[in-house]
Amino acid sequence: MADCIFCKIASGEINSKVVYEDEDTLAFLDLNPQAPTHVLIIPRRHIDRLSTAADSDAELLGKLQLAAVKIAKRLNVESGFRLVTNNGKAAGQAVDHIHYHLLAGRKMLWPPG
Ligand code: 5GP
Ligand code: ZN
């Protein structure tokens, strides 16, 4: 999608520090980390947010979550990590390309802010 930062990261037009990739998924370090480990996991294909995903995206959404487990193992944070998606502006979504934040390496508070 034109003018989508994460589509540009997925295509390589914008550089990122990639920690995992496969044919459907890309994961890279967040530019402004909120924890010692802060990875963004995106589908290469543009979807605005979880609430705009279709039933036909079910497999892709599952792959994103399973990619998170692989990344957590790779980065040695498997024993404790948080996986979150901000859906919509009111929830803090700033980039309109669905992404999961994988956060780890510090004590996580609940409820989140
Ligand atoms: P959101 O607020 O939409 O859930 O999360 C967007 C995330 O993308 C933020 O944590 C922000 O730091 C990160 N981000 C925004 N632009 C870039 C970028 O160009 N490169 C990387 N690596 N992260 C970005
Ligand atoms: Zn996009």
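Here, every reference points to the structure presented above.
Residues numbered from 1 in each chain as written. Chains lettered and ligands numbered in written order. Predicted model: local features only at pLDDT ≥ 70, side-chain atom pairs only at ≥ 80, totals over all residues. Heavy atoms only, no water.

J.: Is there a simple way to explain unusual backbone geometry in this structure?
T.: Negative phi characterises most residues that are not glycine, and trans characterises most peptide bonds. Of note, the bond from Trp-110 into Pro-111 is cis; its omega dihedral lies within 30 degrees of zero at 0°. Residue Asp-3 is not a glycine yet carries a positive backbone phi of 65°. Looking at where Asp-3 falls in the secondary structure, it is placed in the segment before α1 (5–11). Judged by relative accessible area, Asp-3 falls into the exposed class, the value being 69%. Backbone geometry at Asn-76 places phi at a positive 60°, although glycine is not the residue there. Following the sequence through the fold, Asn-76 ends up in the loop between α2 (58–74) and β4 (82–84). (Helix = DSSP H or I, 4+ residues; strand = E, 2+ residues; numbered from the N terminus. Buried < 20%, exposed > 50% of the residue type's maximum accessible area, 1.4 Å probe, protein only.)

J.: Can you help me understand the coordination of the zinc ion (ligand 2) in this one?
T.: Put simply, a metal with four donors set out as a tetrahedron has ideal angles of 109.5 degrees, and one with six donors set out as an octahedron has ideal angles of 90 or 180 degrees. On the protein side, the zinc ion (ligand 2) has Cys-4 (SG), Cys-7 (SG), His-46 (ND1) and His-97 (ND1) as donor atoms, found 2.1 to 2.3 Å from it. For the zinc ion (ligand 2), the four donor atoms in the first shell make angles of 106 to 116° at the metal, a pattern classed as tetrahedral. Of note, the donors binding the zinc ion (ligand 2) are all from one chain and are spaced C-x2-C-x38-H-x50-H. Remark: His-46 occurs in the loop between β3 (37–43) and α2 and Cys-4 occurs in the segment before α1; sequence separation between them is 42 residues. Residue class for Cys-4 comes out buried when judged on its relative accessible area of 8%. (Donors = N, O, S within 2.8 Å, 3.2 Å for Na, K, Ca; no water. Tetrahedral: all angles 85-135°; square planar, octahedral: opposite > 155°, others 65-115°.)

J.: It is not clear to me how the sheet that holds strand β2 (residues 25–29) should be interpreted in this structure. Could you clarify?
T.: Two orientations exist for strands paired in a sheet by backbone hydrogen bonds: parallel and antiparallel. Reading across the sheet, the five strands line up as β1-β2-β3-β5-β4 and stay open at both edges, with antiparallel pairing between neighbours. The open sheet terminates on both sides in strands that have one partner only, identified here as β1 (18–21) and β4. Neighbour-to-neighbour, the strand axes of this sheet turn through a mean angle of 20°, independent of strand direction. Along the sheet, α2 contacts β1, β2, β3, β4 and β5 (100–104); its crossing angle with β3, the most-contacted strand, is approximately 150°. (Pairing = 2+ DSSP bridges. Axes fitted to C-alpha atoms, helices over the stretch in contact; angles between N-to-C directions. Contact = heavy atoms within 4.5 Å.)

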